[in-house]
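Chain by chain, the residues run as shown.
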Amino acid sequence: MDEFYLPESAMAIVAHPDDIEYSCAGTLARWARGGSRISFVLCTSGDVGIDQQGMTRIEAAKIREAEELLAAEIIGAKEVIFLREPDGMLQPTLELRKKIVREIRRFRPEIVICGDPTIVWAGNDYINHPDHRAAAAAALDAVFPAAGQPNLFEELREEGFEAHKPRKVYVMSWGEGEVFVNIEDTMDIKISALRAHKSQMKEWDPEPSLREWAAESGKGKEMAYAEGYRVVTLVDDETWQNRNSRWSESTTHSQ
Ligand SMILES: [Zn+2]
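Each value, and the rule that gives it
Residues numbered from 1 in each chain as written. Predicted model: local features only at pLDDT ≥ 70, side-chain atom pairs only at ≥ 80, totals over all residues. Heavy atoms only, no water. Helix = DSSP H or I, 4+ residues; strand = E, 2+ residues; numbered from the N terminus. Buried < 20%, exposed > 50% of the residue type's maximum accessible area, 1.4 Å probe, protein only. Contact = heavy atoms within 4.5 Å. Polar contact = N/O pair within 3.5 Å; in protein donor to acceptor, adjacent residues only side chain to side chain. Core = buried A, V, L, I, M, F, W, Y, C linked by side-chain atoms within 4.5 Å. Donors = N, O, S within 2.8 Å, 3.2 Å for Na, K, Ca; no water.

A. Representation of the environment of E110 within the structure. Among the secondary structure elements, E110 is positioned in the loop between α4 (94-107) and β4 (111-114). Residue classification places E110 among the buried positions, given a relative accessible area of 4%. Filtering out sequence-adjacent residues up to four positions away, E110 remains in contact with Y5, P7, E8, S9, P166, R167, K168 and W240. Among the polar contacts made by the side chain of E110, one reaches the main-chain amide nitrogen of E8 at a distance of 2.9 Å.

Okay, structure coming up:
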């Protein structure tokens, strides 16, 4: 079933350039086209991800950040934040949690999209990258309870960032999950966005695989292409509406 709902804003938090494009880009592109503010937070800049003689990490990071910026533009994201943690060695530390909390309190997303730290295997030929698991754990731990707790990382207030609890978390579930977003209209955008990662694609054409995975997710749900999520609701609808109407009233008065 298509639970299409259009959030005011969404922040995707991942490990590497291209992670969003492989996974949730169809959803984000659909939301962006509906008017949502979209932010990407990349924990690393994929600096060990170019296997080429003489390539330094600094150069690789530059190339990959440029590719991500292009992909973000194709998807319709408003901003891309690079946290520049070391690629291949990402750890879900308190320091990383705080960096992510800072971004959540600054951008104040309605939705956070992140990975599932419990996914280790995919079939018999893939081990989920440890950076993906670390980014997913750090993101979830930042979302709850840290970002919404005023007395945790309270020093961020000095930077002007007040506590913020996102309304929902969309955890990417690799074809499983309870909520499926129909991406028929943004499938082509997802493919173009992944193609922007030229250093990773090389001669490989991602189109058949992306279509196959998205078709698999849409199977039995009357969707040609879909992306699946486990959705955790942190703020119920009524509380969220009240909070937002209070917020818009107070901004109206102050103008
Ligand atoms: Zn990755």
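B. Structural view of the nonpolar core. Grouped together as the largest cluster of nonpolar side chains are 37 residues, with contacts concentrated most on I20, L28, F40 and I113. Excluding its chain neighbours within four sequence positions, the residues that come into contact with I20 are A12, V14, A25, L28, F40 and I75. Counting 28 residues, the second largest nonpolar core, distinct from the first, contains V101, F107, A134 and A142.

C. Broad picture of the coordination of the zinc ion. Here the zinc ion is held by H16 (ND1), D19 (OD) and H132 (NE2), and the distances to it run 2.0 to 2.2 Å. Each donor residue of the zinc ion lies on one chain, and together they are spaced H-x2-D-x112-H. Remark: H132 occurs in helix α5 (residues 130-143) and D19 occurs in helix α1 (residues 19-23); sequence separation between them is 113 residues.

D. Representation of the side chain of D116 in the model. Relative to the elements of secondary structure, D116 occurs in the loop between β4 and α5. For D116, the side chain forms a polar contact with the side chain of T118, separated by 2.6 Å. Ignoring sequence-local partners within four residues, the contact set of D116 consists of N128, A136, V171 and M172.

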